[in-house]
Amino acid sequence: MRIVALAGGIGGARFLRGLRAAVGPQDEITVIGNTGDDIHLYGLKVCPDLDTVMYTLGGGIHEEQGWGRTDETWSIKAEMKEYGVGPEWFGLGDRDFATHLVRSQMLTAGYSLSQVTEALCVRWKPGVRLLPMSDDRVETHVRITDEQGSRAIHFQEYWVRLHAAVDAEAIVPVGADTAKPAPGVLEAIAEADVILFPPSNPVVSIGTILAVPGIREAVAAAPAPVVGLSPIIGGAPVRGMADKVLAAVGVEATAEAVALNYGPELIDGWLVDTVDEASVAAVEAAGIACRAVPLLMTDVEATAEMARTALALAEQVRK
């Protein structure tokens, strides 16, 4: 079975770990990773979502945080602070720095982001094929209004420094409209037996991937069934502040509203948590098969069971 998953950061990475445990060794998983969160810091190219997937599946993630490296130290960050060089609000540990140094050196040498990601995965052996959504530069920005007036800031500043405490007025994936899907992305979608939308942020993770011209169209046209898992449980995001960015695009923070925002032209099946069972009828009335099952990723086995349920639903709705 050839499975394609569109994934963002922590939620996507943890779901993928369960998915990998749920399938057999003969099955192939291709992950199309969000690069809209990418940021340049200290002259280095940082790819938070790609790295979170790579570290999580490769056994190097800081489990409690869900991001960054395990057994991390912070000497470089401390020295940068002594030099008065920031930003202080974004944490790059010493081990993590090595990844960004290697990536930046290879990009400067002329390798594409896809080639660099493949090379980094040689070390981590994530057990999946990890593809960036695009080799072109895309950065998600957020328009806000604060004491400095109306302005656009990088998504990382909004998420990490401001903790989404200010209302997001618009989400803009800068560069997405002229970006091209990375090599292998469209082919993987077209050849997939199943396409999954993990419980990643539907706006700034999966939404940004779909904003790259050709990807949304490829998913909509794919012969494979497309099944998503709700990142919203009981009217609130399981992790993070997805409700803030959903509001910016006019979508309620409910499992039903997220499904309808994707729409039946994009997804064939949708899983909601058991606490949202009342939303099943409305989602199915819109033409999307829907099931209510436990969706809390409490451990790998619970997550694997979520993945098995998603794959089973995919078989039921197969076109």
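For the structure itself, look to the data block above.
Remember, predicted model here, so these are calculated numbers, not experimental data.

Caption draft 1: Just the overall build of the protein chain, in detail. Along its length, the protein chain carries 13 helices and 14 strands. In summary, the protein chain has a C-alpha radius of gyration of 19 Å against a globular reference of 20 Å for 319 residues, a match within 12%. Taken along the three principal axes of its C-alpha coordinates, the protein chain extends 60 × 50 × 40 Å. Counting across all 319 residues of the protein chain, residues that qualify as buried make up 55%. Contacts in the protein chain between residues at least 24 apart in sequence constitute 70% of all its contacts with a sequence separation of at least 6.

Caption draft 2: Up close: the pairing of strand E7 (residues 149–154). Summarising the sheet, strand E6 (residues 139–146) and E7 pair through 6 bridges and their orientation is antiparallel. Each residue of the ladder has a partner; that of Asp146, found in E7, is Gly149. Linking two consecutive strands that pair antiparallel, namely E6 and E7, is a turn of 2 residues.

Caption draft 3: Geometry of the sheet that holds E7. Ordered in space as E7-E6-E8, the 3 strands form an open sheet in which the pairing is antiparallel. One side of each edge strand has no neighbouring strand; the edge strands of this open sheet are E7 and strand E8 (170–174). Taken pair by pair, the neighbouring strands of this sheet meet at an average axis angle of 30°, ignoring direction. Here E6 pairs with E8 via 5 bridges, running antiparallel. From the neighbouring strand, Glu139 faces E8, where its bridge partner is Val174.

Rules and cut-offs
Residues numbered from 1 in each chain as written. Predicted model: local features only at pLDDT ≥ 70, side-chain atom pairs only at ≥ 80, totals over all residues. Heavy atoms only, no water. Helix = DSSP H or I, 4+ residues; strand = E, 2+ residues; numbered from the N terminus. Rg over C-alpha atoms; globule rule 2.2 N^0.38 Å. Buried < 20%, exposed > 50% of the residue type's maximum accessible area, 1.4 Å probe, protein only. Contact = heavy atoms within 4.5 Å. Pairing = 2+ DSSP bridges. Axes fitted to C-alpha atoms, helices over the stretch in contact; angles between N-to-C directions.

Note that all results are geometric; they support no functional claim without further evidence.
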